[in-house]
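Architecture and fold: a report
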Amino acid sequence: MFASDTSQELQNENEYRAALAEIRPYFEGEPDEGSDEATRFRMLFILIENYEAEHYPAVPAKATTTR
């Protein structure tokens, strides 16, 4: 199992993949605001976002010009 709150971090790729698997159903059926499921969704989203920022940083696109 992985971190249970946003004060912690996903520690490795296995925890990251587990978080992705757990969050997937929430995109198919959004939880009710204020519910425990909504809280879990937000927590997972933050953990995943932080892990991706550290381990999969976005590479800026190169600017192109047309003539």
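Parameters at a glance
Residues numbered from 1 in each chain as written. Predicted model: local features only at pLDDT ≥ 70, side-chain atom pairs only at ≥ 80, totals over all residues. Heavy atoms only, no water. Helix = DSSP H or I, 4+ residues; strand = E, 2+ residues; numbered from the N terminus. Buried < 20%, exposed > 50% of the residue type's maximum accessible area, 1.4 Å probe, protein only. Contact = heavy atoms within 4.5 Å. Areas by Shrake-Rupley, 256 points an atom, 1.4 Å probe, with all protein chains shown as cover. Expected span 1.5 Å × (residues − 1). Core = buried A, V, L, I, M, F, W, Y, C linked by side-chain atoms within 4.5 Å. Axes fitted to C-alpha atoms, helices over the stretch in contact; angles between N-to-C directions. Parallel < 35°, antiparallel > 145°, perpendicular 65-115°, else oblique. Left-handed = near helix turned anticlockwise from the far one by under 90°. Polar contact = N/O pair within 3.5 Å; in protein donor to acceptor, adjacent residues only side chain to side chain. Salt bridge = Lys/Arg side-chain N within 4 Å of Asp/Glu carboxyl O.

1. Thoughts on the overall build of the protein
When its secondary structure is counted, the protein shows two helices and zero strands. Relative to its full complement of 67 residues, the protein shows a buried share of 27%. Contacts in the protein between residues at least 24 apart in sequence constitute 53% of all its contacts with a sequence separation of at least 6. About 5500 Å² of surface is accessible on the protein, with carbon and sulfur atoms providing 49% of the total.

2. Considering helix α2 (residues 36–55)
For α2, which comprises 20 residues, the first-to-last C-alpha distance of 28 Å matches the rise-based estimate of 28 Å (1.5 Å per residue) to within 8%. Every buried residue of α2 is accounted for by Ala38, Arg40, Phe41, Met43, Leu44, Leu47, Ile48 and Tyr51. Packed against the buried residues of α2 are α1 (13–28).

3. Quick word on the nonpolar core
Residues Leu10, Tyr16, Ala19, Ile23, Tyr26, Phe41, Met43, Leu44, Leu47, Ile48 and Tyr51 constitute the largest nonpolar core, which totals eleven residues. Elements that contribute at least two residues to this core include exactly α1 and α2. By residue number, the principal contributor to this core is α2, which donates six residues.

4. Considerations on the packing of α1 against α2
Contact geometry for α1 and α2: axes closest at 9 Å, N-to-C directions at 140°. In terms of axis orientation, α1 runs oblique to α2. Handedness of the crossing formed by α1 with α2: left-handed. Contact residues: Glu13, Tyr16, Ala19, Leu20, Glu22, Ile23, Tyr26 and Phe27 in α1; Glu37, Arg40, Phe41, Leu44, Phe45, Ile48, Tyr51 and Glu52 in α2.

5. Structural notes on α1
Helix length check: α1 (16 residues) gives 24 Å between terminal C-alpha atoms against 22 Å at 1.5 Å per residue, within 8%. Those residues of α1 not exposed but buried are Glu15, Tyr16, Ala19, Ile23 and Tyr26. A side-chain oxygen of the first residue of α1 lies 3.0 Å from the backbone nitrogen of Asn14; this N-cap is Asn12.

6. Focus on the pattern of salt bridges
What the rule picks out here adds up to three salt bridges. Across the salt bridge formed by Arg40 and Glu22, the nearest N and O atoms sit 2.6 Å from each other. With a gap of 18 residues between them, Arg40 in helix α2 and Glu22 in helix α1 connect regions that are remote in the sequence. Take Glu22: its relative accessible area is 25%, and that puts it in the partly exposed class.

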